[in-house]
Amino acid sequence: MNDGPDELLSPRTLAARGPRFQESPTRALTPPIDVATTYIRDADNGYPMGRVYGRSDNASVQHAEAQIAALENARSAMLFNSGMAAAAAVFMALDPTHVVVPTLMFRGLQRWLRGIGRHGHELTAIDMADTGAVRQAIRPGRTGLVWIETPSNPLWTITDIAAVAACAHDAGALVCADSTVATPVLTRPLDLGADIVMHSATKYLNGHSDVVAGVLAVRRPGALWSRIQEFRSQQGAVIGPFDAWLLARGLKTLDLRVREQSRSAALLAARLAAHPAIATVLYPGLPDHPGHDVARRQMAAGFGGMLSIRLRGGAAQAIGVAARVALWERATSFGGVESLIEHRASIEGADSPCPDDLLRLSVGLEDPGDLLRDLMQALEAAP
Ligand SMILES: *Cc1c(COP(=O)(O)O)cnc(C)c1O
């Protein structure tokens, strides 16, 4: 963890340069990978760099953390070995409390919270896009946390972060925003009043589908932040140095990737919306998306690289279209260079709220014309 932001630099510059690696004896431009699991004491019994042992401290990890803190305009960031571990740390560090969560949220986290992750918390699930419902669900003095995910999987519902943060803070509750889909290129939740921002860094932050990682960041590190830190160190939910190094490298192109993926996704959304085989295109950038107005206010440089389509021909047609694409890869996860297509209901399981006629598209960095042509041929062949 490092002190964060230089307010004068644009996100693109912050991403491209990262913080200067302070400790290279060779003056290498690119930081080395600090593979040490342990650090040497001075003769006076102290640790000159403050690092003791790899479960709590590592220079490569701290370097990537400083990079993310700068991008989120945060004071401090903490990396974990997955997005799930980062999210879990928030719930585990809180004393049992009342938590308001969205009905539609990342399925893995929802399952964990309903099962072993309950941890004594009382959960209320609501439509987080409806600020009135949020206000009603919050119990002043008793609600400890409001969990936001925006845009949220797989309908890309938009939560008004500033409005929810105002309601939560009035009642003494904290707000944690899962901003995996938006990335700091499009939205900086801490600027809008969230107390903690969370990412699955597996997705856009790393961006190359080769690291599983998660991160939390805050502007005001307080008692809860210290408990989260303790949890990570004691539980051992740490990311390895090589993964942290890959993540730091991926972050350098975050701004360019997300802007380009947003542009391509917007183009695809507009073209697909006119296709007769498609009943609905779900994309916050489309004027008829229910969250469009809030998204326009809260997403700065685009509406993201994720969209979903619902097929008139139902589940069979959706699976058929996914079967016929040649360029899009049939795989779960998102935010990488390669475009992915997924029949989401198949992976979410029987009790999924995801409509079974829905295909989720993660737009990569290929030429959008090629991506569109491939989808069009898969749709034309639809029965
Ligand atoms: C993937 C994802 C997670 C979980 O992250 P992992 O890195 O897979 O553990 C949490 N939230 C969202 C929105 C995600 O997409």
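Calculation criteria
Residues numbered from 1 in each chain as written. Predicted model: local features only at pLDDT ≥ 70, side-chain atom pairs only at ≥ 80, totals over all residues. Heavy atoms only, no water. Domains from an automatic or database assignment. Contact = heavy atoms within 4.5 Å. Buried area = accessible area lost by both parts, 1.4 Å probe. Salt bridge = Lys/Arg side-chain N within 4 Å of Asp/Glu carboxyl O. Polar contact = N/O pair within 3.5 Å; in protein donor to acceptor, adjacent residues only side chain to side chain. Helix = DSSP H or I, 4+ residues; strand = E, 2+ residues; numbered from the N terminus. Nonpolar A, V, L, I, M, F, W, Y, C, P; charged D, E, K, R; others polar. Patch = residues over 30% accessible without salt bridge, like charges linked within 9 Å, V, L, I, M, F, W, Y side chains within 5 Å. Areas by Shrake-Rupley, 256 points an atom, 1.4 Å probe, with all protein chains shown as cover. Buried < 20%, exposed > 50% of the residue type's maximum accessible area, 1.4 Å probe, protein only. Pairing = 2+ DSSP bridges. Axes fitted to C-alpha atoms, helices over the stretch in contact; angles between N-to-C directions. Left-handed = near helix turned anticlockwise from the far one by under 90°.

A few words now on the domain arrangement of the protein. Domain parsing of the protein yields domain 1 (11–251) and domain 2 (255–381). Taken together, the 35 residues of domain 1 in the interface contact 41 residues of domain 2. For the pair domain 1 and domain 2, the two sides together bury roughly 3000 Å², of which 60% comes from carbon and sulfur. When the area that domain 1 buries against domain 2 is broken down by residue, the three leading residues are Trp156, Leu186 and Tyr204, summing to 26%. Taken together, the links from domain 1 to domain 2 amount to 4 salt bridges. On inspection of domain 1 and its partner domain 2, the count reaches 17 residue pairs in polar contact (both at pLDDT 80 or more). Residue assignment for the side of domain 1 that touches domain 2 shows that the elements contributing at least two residues are helix H1 (11–17), helix H4 (107–114), helix H7 (183–186) and helix H9 (241–251). The residue inventory of the side of domain 1 that touches domain 2, partitioned by class, reads 17 nonpolar, 13 polar and 5 charged.

This part is about a nonpolar patch on the surface. A surface patch of nonpolar side chains, about 290 Å² in accessible area, is lined by Ile33, Val35 and Phe242. Position of Val35 relative to the elements: it lies in the loop between H1 and helix H2 (59–71). A relative accessible area of 65% means that Val35 is categorised as exposed.

Let's shift gears to the pattern of salt bridges. Here the structure, examined in full by the defined rule, presents 18 salt bridges. The residue Arg142 makes a salt bridge to Glu122 at a minimum N-O spacing of 3.7 Å. You can see Arg142 sitting in the loop between helix H5 (131–137) and strand S4 (143–149) and its partner Glu122 sitting in strand S3 (residues 122–126), a full 20 residues away along the chain. A salt bridge links Arg344 to Glu342, with the shortest nitrogen-to-oxygen separation between them at 2.9 Å. Overall, Arg344 belongs to the buried group, its relative accessible area being 6%. Relative accessible area serves as the criterion here: at 8%, Glu342 is assigned to the buried category. A cluster of three or more residues bridged by salt bridges with shared partners is formed by Arg107, Glu342, Arg344, Glu348, Asp351 and Arg360.

A few words now on the sheet that holds strand S5 (residues 174–178). In any sheet, the strands associate via hydrogen bonds between backbone groups, in a parallel or an antiparallel arrangement. Taken in spatial order, the 7 strands line up as S1-S7-S6-S5-S4-S2-S3 in an open sheet, and their pairing is mixed. Both edges of this open sheet fall to strand S1 (76–80) and S3, since each of them pairs with a single strand only. Strand after strand, the sheet turns through a mean of 20° between neighbouring axes, direction not considered. By the bridge criterion, 5 bridges tie S4 to S5 in an arrangement that is parallel. The residue of S5 that forms the bridge with Trp147 is Cys176.

This brings us to the packing of helix H3 (residues 83–93) against H4. Two elements in contact, H3 and H4, have axes separated by 11 Å at closest approach and are oriented at 35°. In this structure, the crossing between H3 and H4 has a hand that is right-handed. Facing Met84, Ala87, Ala88, Phe91 and Met92 of H3, the residues of H4 in contact are Gly108, Leu109, Trp112 and Leu113. Looking at side-chain class alone, the contact of H3 with H4 contains 8 nonpolar, 1 polar and no charged residues.

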